Amino acid sequence: MKDKFYKKKSLKFLEDYLNVASPTGYESSGQKLWMDYIQPYVDEVRTDNYGTAYGIINPEAEYKVVIEAHADEISWYVNYITDNGLIYVIRNGGSDHMIAPSKRVNIHTKNGIVEGVFGWPAIHTRIGQEKEDTPKVESIWIDVGAKDKEEVEKLGIHVGCVITYPDEFHVLNDNYFVCRALDNRIGGFMIAEVARLISENKDKIDFGVYFTNSVQEEVGLNGARMITETIKPNVAIVTDVTHDTTTPMMDKKKEGELACSKGPVIAYAPAVHNLLRELIIETAENDNIPFQRSAISRATGTDTDAFAYSNGGVPSALISLPLRYMHTTVEMVHKDDVKNLINLIYKSVLKLKNNQSFNYFGK
């Protein structure tokens, strides 16, 4: 039997979509690929002014269900260029200064990509110190091989240019997808696959389904905050990544126990609507889809919060994908978890009913 989840076309899209640079505030390149992929599976594709894209099944329907992920990846900005041609940076999103030294980078300019490297003093020069300096945002720098500031500027580099890592997609030991920006373009892939399954299986949906790929999540859930006011959904199911806590230096007493390969993670949190969550759990149990649970104090830190607390309150749920090494260039997710999460959202959408009320008091 052919795998209905990992078709050749789907995997090609996943690879291309992960490899393209789509940093926070500059998501257009990735969004164009995403819209081209989802367009055959929906009735209409729309965008907003800041780049959030959404494909709609039944755009005329009054009852609207959002299936959402976010499209942006963390990055850096050029912040300061020294007289001798070195570049200092600030974050665009939660970029990790600890992994930067010795990494290759792409600096995005109007003239195209300029390659560079994050430099760091050689180990020979650090031996004997009682305490070695560790990388800090203010102490890491980029070298583009220029002799001075003027030469840097002639390359088209200026303050405000965005900087991304070039690390690309690969499959590790036939089990794990590995890439930078799995957080959360793997989510965009998964919601697009839900749209594909609905289309190819010719499922009858009598309400509106809005497959929404939001921008600027990494800097405050901004894209979701904007688009929920535009769509005004009745229900929202959000997917993002969460931490695999089984690797070293993770505190299970603080982070909970979650593992890659054991299924998608269903969240318990104030923003998560109890009735919608239970519908998703019941779906997983009825369809033998493995899942894990996580408890989240106060805010989820995902676009779930933006949807839940908008428009007078939108019943919302969060289904997360376990991921190792978040906000590094070697983020890892298990292929089985991706498949199971796609299937869980797909089956949950089919379980929803037109005009379904999630009011706790039955009104």
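In this text the structure is predicted, and so the values were computed from the model without any measurement.

### Some details on the overall build of the protein
Part 1: Within the protein one finds nine helices and 17 strands.
Part 2: Projecting the C-alpha coordinates of the protein onto the three principal axes gives extents of approximately 65 × 45 × 45 Å.
Part 3: When the accessible surface of the protein is summed, it comes to about 16,800 Å², and 49% of that surface belongs to carbon and sulfur atoms.

### Examining helix α1 (residues 8-19)
Part 1: Across its 12 residues, α1 extends 17 Å between first and last C-alpha, which sits within 8% of the 16 Å expected from 1.5 Å per residue.
Part 2: Along α1, the positions that sit buried rather than exposed are Ser-10, Phe-13, Leu-14, Tyr-17, Leu-18 and Asn-19.

### A look at the side chain of Thr-242
Part 1: Within the secondary structure layout, Thr-242 lies in strand β13 (residues 235-243).
Part 2: Taking relative accessible area as the criterion, Thr-242 reaches 16% and is therefore assigned buried.
Part 3: Sequence-distant contacts of Thr-242, defined by excluding residues within four places in its chain, comprise Leu-258, Val-265, Ser-320, Leu-321, Pro-322, Leu-323 and Met-326.

### Looking at the sheet that holds strand β6 (residues 104-109)
Part 1: The strand order β4-β5-β8-β7-β6-β9 describes a closed barrel built from six strands, whose pairing is antiparallel. Going from strand to strand, the sheet's axes swing by 45° on average, the running direction of each strand aside.
Part 2: Sheet analysis places strand β4 (residues 75-81) next to strand β5 (residues 86-92), joined by six bridges and oriented antiparallel. The partner of Ser-75 across the bridge, within β5, is Asn-92.

### Focus on the pattern of salt bridges
Part 1: Tallying each qualifying case throughout the model produces 17 salt bridges.
Part 2: When the shortest N-O distance is used, the salt bridge between Lys-147 and Glu-151 registers 2.8 Å.
Part 3: Using a relative accessible area of 61% as the deciding quantity, one classes Lys-147 as exposed.
Part 4: The exposure class of Glu-151 is partly exposed, given its relative accessible area of 27%.
Part 5: Measuring nitrogen to oxygen at the nearest pair gives 3.2 Å for the salt bridge that ties Asp-287 to Lys-347. Highlighted residues: Asp-287 in the loop between α7 (274-286) and β15 (292-295) and Lys-347 in helix α9 (residues 335-351), separated in sequence by 60 residues.
Part 6: Residue classification places Lys-347 among the partly exposed residues on the basis of a relative accessible area of 22%.
Part 7: Salt bridges here are not isolated pairs; linked through shared partners, they connect Lys-7, Glu-193, Arg-196 and Glu-200.

### Regarding the packing of α7 against α9
Between two packed helices, the angle of one axis relative to the other and the distance separating the axes together describe the packing.
Part 1: Following both chains from N to C, one finds α7 and α9 inclined at 115°, their axes separated by 9 Å at the closest point. By the angle between their directions, the pair α7 and α9 is classed as roughly perpendicular. The hand of the α7/α9 crossing is right-handed. Residue-level inspection shows Leu-279, Ile-280, Glu-282, Thr-283, Ala-284 and Asn-286 of α7 in contact with α9, the latter providing Leu-344, Lys-347, Ser-348 and Lys-351.
Part 2: Along the lines of polarity and charge, the residues of the contact of α7 with α9 split into four nonpolar, three polar and three charged.

### As for α9
Within an α-helix, residues lying three or four positions from one another point in the same direction, as the helix has 3.6 residues per turn.
Part 1: In a regular helix each residue adds 1.5 Å, so 17 residues correspond to 24 Å; α9 covers 25 Å between its end C-alpha atoms and thus fits that length.
Part 2: Among the 17 residues of α9, 12 are classified as buried, and the element is accordingly described as predominantly covered.

### As for the packing of aromatic side chains
Aromatic ring pairs: the centre-centre distance and the angle between the two ring planes describe each pair.
Part 1: Applying the stated criterion to the full structure yields 12 aromatic pairs.
Part 2: Ring geometry for Trp-120 and Trp-141: centres 6.3 Å apart, planes at 25°, overall stacked. Here the residue Trp-120 occupies a position in the loop between β7 (112-119) and β8 (141-143), and Trp-141 occupies one in strand β8, the gap between them amounting to 21 residues.
Part 3: Trp-120 gets classed as partly exposed once you look at its relative accessible area, which sits at 26%.
Part 4: For Trp-141, a relative accessible area of 19% corresponds to the buried category.
Part 5: One aromatic cluster is present, formed by Phe-13, Tyr-17, Tyr-37, Tyr-41 and Phe-189 through successive ring pairs.
Part 6: One cation-aromatic arrangement involves Lys-103 over Tyr-165; the distance from NZ or CZ to the ring centre is 5.9 Å.
Part 7: A cation sits over an aromatic face here: Arg-185 above Tyr-17, 5.5 Å from the ring centre.

### Quick notes on the pairing of strand β3 (residues 64-70)
Part 1: Counting buried positions along β3 yields seven of seven residues, so the element is predominantly enclosed.
Part 2: Going residue by residue along β3, you find Lys-64, Val-66, Glu-68 and His-70 tucked away on one face and Val-65, Ile-67 and Ala-69 tucked away on the opposite face as well.
Part 3: Looking at chain direction, β3 and strand β12 (residues 208-214) are connected through seven bridges and run parallel. Looking at β12, one finds that Lys-64 is bridged to Gly-208.
Part 4: The pairing of β3 with β13 spans four bridges and is parallel. Within β13, the position partnered with Val-66 by the bridge is Ala-236.

Reading the values: the criteria
Residues numbered from 1 in each chain as written. Predicted model: local features only at pLDDT ≥ 70, side-chain atom pairs only at ≥ 80, totals over all residues. Heavy atoms only, no water. Helix = DSSP H or I, 4+ residues; strand = E, 2+ residues; numbered from the N terminus. Areas by Shrake-Rupley, 256 points an atom, 1.4 Å probe, with all protein chains shown as cover. Expected span 1.5 Å × (residues − 1). Buried < 20%, exposed > 50% of the residue type's maximum accessible area, 1.4 Å probe, protein only. Contact = heavy atoms within 4.5 Å. Pairing = 2+ DSSP bridges. Axes fitted to C-alpha atoms, helices over the stretch in contact; angles between N-to-C directions. Salt bridge = Lys/Arg side-chain N within 4 Å of Asp/Glu carboxyl O. Parallel < 35°, antiparallel > 145°, perpendicular 65-115°, else oblique. Left-handed = near helix turned anticlockwise from the far one by under 90°. Nonpolar A, V, L, I, M, F, W, Y, C, P; charged D, E, K, R; others polar. Phe/Tyr/Trp six-rings, centres within 6.5 Å; stacked < 30°, edge-to-face > 60°. Lys NZ or Arg CZ within 6 Å of the ring centre and 35° of its normal.

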